[in-house]
Amino acid sequence: MTDAPGSIALVGAAGRMGQAITRLTQERDDLRIGAAVEGIGSTAIGRDLGELAGLGTLDVPIGDNLENAFNHVDVALDLSVTEATAAVIDAAVATATPLVCGTTGLDDGILNRFDTAATRIPVLYTPNLSPGIAVLSALVEQAASALGRDYDIEIVEMHHRHKVDAPSGTALALAEAAARGAELELPKALQLGRAGHVGERPSSEIGVHAVRGGGVFGDHTVILAGEHERLELTHMAASRSLFAQGALRAAAFLIGQSPGRYTMADVLQIRPPAAKAP
């Protein structure tokens with residue numbers, strides 16, 4: 001006898017990511033979508049989630065009440081919009097529902113609310129649900145730590161023309177990883193692009209540059225440039241399914257966890273670099 005599959009409340013169900021997750025969930029035995037939510041006034045309200053994703057009827061009508069949806073599932077998966085995140089967090093706490101959130105462009109106030117929520121429920125927030133990005137982040141921290149201040153750190157990211165925030169949340173997360181490794185303080189070290197007569201580049205700087213165009217899902221390159229060599233670490237996303245697969249992996253992991261903050265590194269069991277000797 002097998003355990004029943006974990007049940008997901010999918011927030012942002014009508015979006016491209018929501019539909020990709022709906023399709024991928026049908027290929028898994030350990031997860032199912034038990035509820036689907038869209039914003040009030042959405043034309044998707046009342047429609048069947050499966051029909052919207054081109055799968056036929058799944059008997060999962062799309063609603064607009066977060067708490068009603070969360071009350072009947074094992075984990076909430078939010079891939080909606082920044083304007084909805086605060087309400088999603090509140091509903092997850094009110095219903096004691098583990099929360100995975102991959103919404104990008106969140107401000108410090110919302111990020112702090114994740115910390116508060118994590119005292120009551122398990123919370124996994126990441127601006128990028130790709131397993132490969134989690135590995136890249138660990139490699140960046142390790143490389144920055146090993147190479148030290150003699151290597152200048154620059155990050156270049158490219159996304160499709162429709163992306164509304166810049167730089168990407170992933171690029172900023174990679175900058176944080178680099179800063180930890182190089183023992184630099186963000187945001188003090190952060191340099192978002194350059195223009196004009198900026199002078200010589202200081203070694204205490206981490207440059208981040210955003211490129212937009214076409215239909216690029218997401219490319220990120222971290223450059224560590226020394227006097228006589230250059231190391232480049234690159235991740236290129238080839239399909240939206242990559243992020244949907246990572247989202248489901250995170251949701252399956254979070255079910256049954258204790259309250260606290262989690263990351264994709266926890267999902268993948270990536271160990272942080274060893275601390276430097278004082």
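Please refer to the structure higher up on the page.
All of the points below concern the structure found in this document. Computed from a predicted structure; not experimentally measured.

Attention shifts here to the sheet that holds strand 6 (residues 122–125). Taking strand neighbours across the sheet as the criterion, the seven strands line up as 3-2-1-4-5-6-12 in an open arrangement whose pairing is parallel. Unpaired on one side and paired on the other, strand 3 (62–63) and strand 12 (260–262) mark the two borders of the sheet. In terms of strand pairing, strand 2 (residues 31–37) meets strand 3 through two bridges, oriented parallel. Note on strand 3: the bridge partner recorded for Val 37 is Gly 63. Along the sheet, helix 5 (residues 108–117) contacts strand 5 (99–101), strand 6 and strand 12; its crossing angle with strand 6, the most-contacted strand, is approximately 150°. Packed on one face of the sheet, helix 8 (residues 241–254) meets strand 1 (6–11), strand 2, strand 4 (75–78), strand 5, strand 6 and strand 12 and runs near 165° to strand 6.

For the bond from Ala 166 to Pro 167, the omega torsion is -5°, close enough to zero to count as cis. You can see Pro 167 is positioned in the loop between strand 7 (152–159) and helix 7 (169–182). Put simply, Leu 186 and Pro 187 share a cis peptide bond, and its omega is 10°. Examined against the element boundaries, Pro 187 turns out to sit in the loop between helix 7 and strand 8 (190–192). For Asp 59, which is not glycine, the phi torsion reads 60° and is therefore positive.

Cut-offs used in this document
- Residues numbered from 1 in each chain as written.
- Predicted model: local features only at pLDDT ≥ 70, side-chain atom pairs only at ≥ 80, totals over all residues.
- Heavy atoms only, no water.
- Pairing = 2+ DSSP bridges.
- Helix = DSSP H or I, 4+ residues; strand = E, 2+ residues; numbered from the N terminus.
- Contact = heavy atoms within 4.5 Å.
- Axes fitted to C-alpha atoms, helices over the stretch in contact; angles between N-to-C directions.

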